[in-house]
Amino acid sequence: MQTPIDTPRLPRKRRSLAQELVTVLTEQIRDGLLKRGDKLPTESAIMEAHGVSRTVVREAISRLQAAGQVETRHGIGTFVLDTPSPSGFRIDPATVVTLRDVLAILEFRISLEVESAGLAAQRRNPEQLAAMRAALDALNESVAHASDAVASDFQFHLQIALATGNRYFTDIMTHLGTSIIPRTRLNSARLAHDDQQHYMNRLSREHEEIYEAIARQDADAARAAMRLHLTNSRERLRQAHEEAQAQGN
């Protein structure tokens, strides 16, 4: 069933409008106003209810997807999943505070996501490929408008995990959440001594190479593209870490 949203319009200050909308919807899920299996209102209805743009709504939905609170079934709508358990395994963003922590997460991601990309290339179906494309398009749109691209970045990697057909890849990615994206905790472009736009364009190209390999079902190329993407991120941050240590000494 589709549940209306009767909450007041969002304030225009404090956190971003997308995060404000995430907070509102999360509270409705936690309080049972939106239950498992309920279909969220349409984008237009949410826009009208809260006085926000379509981009804000899509960003908020992407964040809820990344948190495992909702899932979008293409052509049907977005539906509420189980309320996340506070006792479930999750990397606490509060503990990811140093470059060393971020580097450790990137090492873990390499071991996990390289094989995920290869399996996705072998097993993906047209709908899953379309979901990856939609996540990339959302990421590119965020970059073009200089808005928060972390949620759509994570969503792309999550869609690859879903395409493996192995729920353990999906489960662990969902539990890790957006804290695995370095930009969640650090200004990666500044640390890499790079222009923000140039940095994001380079990440976009790396993502496109992963997508293209999965699209043509080339498992070896998908693994190689994912390894290159994550290794590049690790090396950029590793160099920044070494520079920081040298300055400290």
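Scroll up to find the structure this text is about.
Read on for an overview of the structure. (Residues numbered from 1 in each chain as written. Predicted model: local features only at pLDDT ≥ 70, side-chain atom pairs only at ≥ 80, totals over all residues. Heavy atoms only, no water.)

### Focus on the overall build of the protein
Logical step 1: For the protein, the helix and strand inventory stands at 10 helices and 2 strands.
Logical step 2: When its helices and strands are written in sequence order, the protein yields α-α-α-β-β-α-α-α-α-α-α-α.
Logical step 3: Here the protein holds 249 residues, and 48% of them are scored as buried.
Logical step 4: Restricting to contacts in the protein with at least 6 residues of sequence separation, those with at least 24 account for 71%.
Logical step 5: On the protein, roughly 12,500 Å² of surface is accessible, and the fraction owed to carbon and sulfur atoms is 52%. (Helix = DSSP H or I, 4+ residues; strand = E, 2+ residues; numbered from the N terminus. Buried < 20%, exposed > 50% of the residue type's maximum accessible area, 1.4 Å probe, protein only. Contact = heavy atoms within 4.5 Å. Areas by Shrake-Rupley, 256 points an atom, 1.4 Å probe, with all protein chains shown as cover.)

### Section: the pattern of salt bridges
Logical step 1: Applying the stated criterion across every chain yields a total of 11 salt bridges.
Logical step 2: The partner of R109 in a salt bridge is E113, with the nearest N and O atoms 2.6 Å apart. Taken together, the residues span about one helical turn, with R109 and E113 both in helix α4 (residues 99–123) at a distance of 4 residues. Neither R109 nor E113 differs from the other in exposure class; each is buried. (Salt bridge = Lys/Arg side-chain N within 4 Å of Asp/Glu carboxyl O.)

### Examining unusual backbone geometry
Logical step 1: The backbone of Q217 sits at a positive phi, close to 60°, despite the residue not being glycine.
Logical step 2: Position of Q217 among the secondary structure elements: in the loop between α9 (196–215) and α10 (219–248).
Logical step 3: Overall, the relative accessible area of 44% leaves Q217 in the partly exposed class.

### Things to note about the packing of aromatic side chains
Logical step 1: Applying the stated criterion across every chain, the model contains 0 aromatic pairs.
Logical step 2: The lysine or arginine in question, R133, covers the ring of Y211, its NZ or CZ lying 4.8 Å from the ring centre. (Phe/Tyr/Trp six-rings, centres within 6.5 Å; stacked < 30°, edge-to-face > 60°. Lys NZ or Arg CZ within 6 Å of the ring centre and 35° of its normal.)

### Here we look at the layout of surface pockets
Logical step 1: The calculated volume of the second largest pocket comes to roughly 760 Å³.
Logical step 2: Lining the second largest pocket are 35 residues, and of these E43, R58, E59, I61 and S62 sit closest to its centre.
Logical step 3: For the lining of the second largest pocket, the secondary-structure elements that each account for two or more residues are α1 (17–30), α2 (43–50), α3 (54–66), β2 (77–80), α5 (126–144) and α6 (150–163).
Logical step 4: It is α3 that contributes the most residues to the lining of the second largest pocket, 9 residues altogether. (1 Å grid on protein atoms, 1.4 Å probe; cavity = no way out; pocket = protein on both sides within 12 Å on 5 of 7 lines; lining within 4 Å. Points joined across faces, edges and corners; volume = space filled by probe spheres on them.)

### What about the packing of α4 against helix α7 (residues 167–176)?
Logical step 1: Following both chains from N to C, one finds α4 and α7 inclined at 135°, their axes separated by 11 Å at the closest point. Our classification of the angle between α4 and α7 gives oblique. Of the two elements, α4 crosses α7, and the hand of that crossing is left-handed. Side by side, α4 and α7 meet where F108, L112, E113, E115, S116 and L119 of the first sit next to F169, I172, M173 and L176 of the second.
Logical step 2: Classifying every residue of the contact of α4 with α7 by side-chain character gives 7 nonpolar, 1 polar and 2 charged. (Axes fitted to C-alpha atoms, helices over the stretch in contact; angles between N-to-C directions. Parallel < 35°, antiparallel > 145°, perpendicular 65-115°, else oblique. Left-handed = near helix turned anticlockwise from the far one by under 90°. Nonpolar A, V, L, I, M, F, W, Y, C, P; charged D, E, K, R; others polar.)

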